[in-house]
Amino acid sequence: MIGVLVSGEGTNLQALIDAGLPISAVASNKAEAYALERARAAGIQLGDYESREARDAAMADWLVERGVALVVCAGYMQLLRPNFLERFDRIVNTHSAPLPQFPGAHPIEDVLAAGVSETAATVHYVDEGVDTGPVIAAEPVPVREGDTVDTLRARVQEVERRLLPQAVKELIS
């Protein structure tokens, strides 16, 4: 079973739902995240936590109780604490740039500032660092002349919504 962590709109969550993957739980650090509406519409059990200190232990317990073996961070924008990480053998995340070259919270901005010719949609394992876990899958996305943060992000997210479900399917097969 898969547990998904979300913080925002939930487009990657929706891609996982649309791919028919066995999601048993969705948790968020933001009670107002639209991703939770997507989960409700799909009939998936929910949890949300606002206290960062208590959140990770409570989320881990909640996910384990629901039989989650694989955790997928789908737009989850907070670092997970060691007390969460040690509970699961496999936690994966997406990133909007090639790793390890462009880690961090603003990869699209960093790619554009570096003036490189391409970025990537990347799926990687989560560890205690910031985007430092081993890469599972990556697909290049060209940077076009005149690209803005919004135009490049939209193209990368389109690839992420295809790449993430593919990677998760391979991990659970």
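Here the structure is a predicted model, which means the values were calculated and not measured.

Peer 1: Could you give an account of helix 1 (residues 11-18), naming the residues involved and the relevant values?
Peer 2: Residues Asn 12, Leu 13, Ala 15 and Leu 16 constitute the buried set of helix 1. Down the axis of helix 1, the sector holding all buried residues measures 160°, keeping them to one side. On its buried side, helix 1 packs onto strand 1 (2-6), strand 2 (23-28), helix 2 (34-41), strand 4 (70-73), strand 5 (90-95) and helix 6 (149-172). In the stretch just after helix 1, Gly 20 is the one whose phi turns positive, near 75°.

Peer 1: Kindly report on the environment of Ala 35, identifying the contributing residues and their values.
Peer 2: Position of Ala 35 among the secondary structure elements: in helix 2. A residue is classified by how much of its surface remains accessible, and Ala 35, at 0% relative accessible area, is buried. Sequence separation of Ala 35 and Asn 12 is 23 residues, and the distance between their C-alpha atoms is 9.1 Å. Filtering out sequence-adjacent residues up to four positions away, Ala 35 remains in contact with Val 6, Gly 8, Glu 9, Gly 10 and Leu 13.

Peer 1: Please give an account of the packing of aromatic side chains that cites residues and values.
Peer 2: According to the stated counting rule, one finds one aromatic pair in the structure shown. Ring geometry for Phe 84 versus Phe 88: centroids 5.0 Å apart, planes at 40°, classification tilted.

Peer 1: Report on the side chain of Ser 96, specifying residues and quantitative values.
Peer 2: Note on placement: Ser 96 falls in the loop between strand 5 and helix 5 (107-114). Of the residues examined, Ser 96 reaches a relative accessible area of 13% and is grouped as buried. A polar atom in the side chain of Ser 96 sits 3.0 Å from the side chain of Glu 160. Aside from chain neighbours lying at most four places away, what touches Ser 96 is Pro 107, Ile 108, Thr 119, Ala 120, Val 156 and Glu 160.

Peer 1: Before we move on, can you summarise the pairing of strand 1 with the specific residues and values?
Peer 2: Among the five residues of strand 1, five are classified as buried, and the element is accordingly described as predominantly covered. Burial along strand 1 is two-sided: Ile 2, Val 4 and Val 6 and Gly 3 and Leu 5, pointing in opposite directions, are all buried. With five bridges connecting them, strand 1 and strand 2 associate as parallel partners. Looking across to strand 2, one finds that Leu 5 is bridged to Ala 27. Chirality of the crossover, the property in question, places the unit of strand 1, helix 1 and strand 2 among those that are right-handed. Here strand 1 runs beside strand 4; their pairing, made up of four bridges, is parallel.

The rules behind each value
Positions within a chain are numbered from 1, following the residues in the order the chain's sequence is written. Given that this is a predicted model, residues contribute local features only at a pLDDT of at least 70 and side-chain atom pairs are listed and counted only at 80 or more, while totals for whole chains, interfaces and linings are drawn from all residues. The side-chain numbers reported here are obtained from all heavy atoms of the structure, hydrogens and water having been left aside. Working definition: with a 1.4 Å probe on protein chains only, accessible area under 20% of the residue-type maximum means buried, over 50% means exposed, and in between means partly exposed. Put simply, DSSP marks the helices as runs of H or I at least four residues long and the strands as runs of E at least two long, and each gets a number from the N terminus on. Relevant arc is that of directions from the helix axis to the C-beta atoms, nothing else. We call two residues in contact when some of their heavy atoms are within 4.5 Å. Only Phe, Tyr and Trp rings are paired, with Trp represented by its six-membered ring, and only when their centres lie within 6.5 Å; those with planes under 30 degrees apart are stacked, over 60 edge-to-face, the remainder tilted. In protein, a polar contact means a hydrogen-donor-capable atom and an acceptor-capable atom, both N or O and within 3.5 Å, with residues adjacent in sequence counting only if both atoms are side-chain atoms; elsewhere, any N or O pair within 3.5 Å suffices. Pairing between strands is defined by DSSP: at least two bridges between the two strands are required. For the handedness criterion, the strands are oriented away from the viewer, and a crossover whose path from the first strand over the helix to the second runs clockwise is classed as right-handed.

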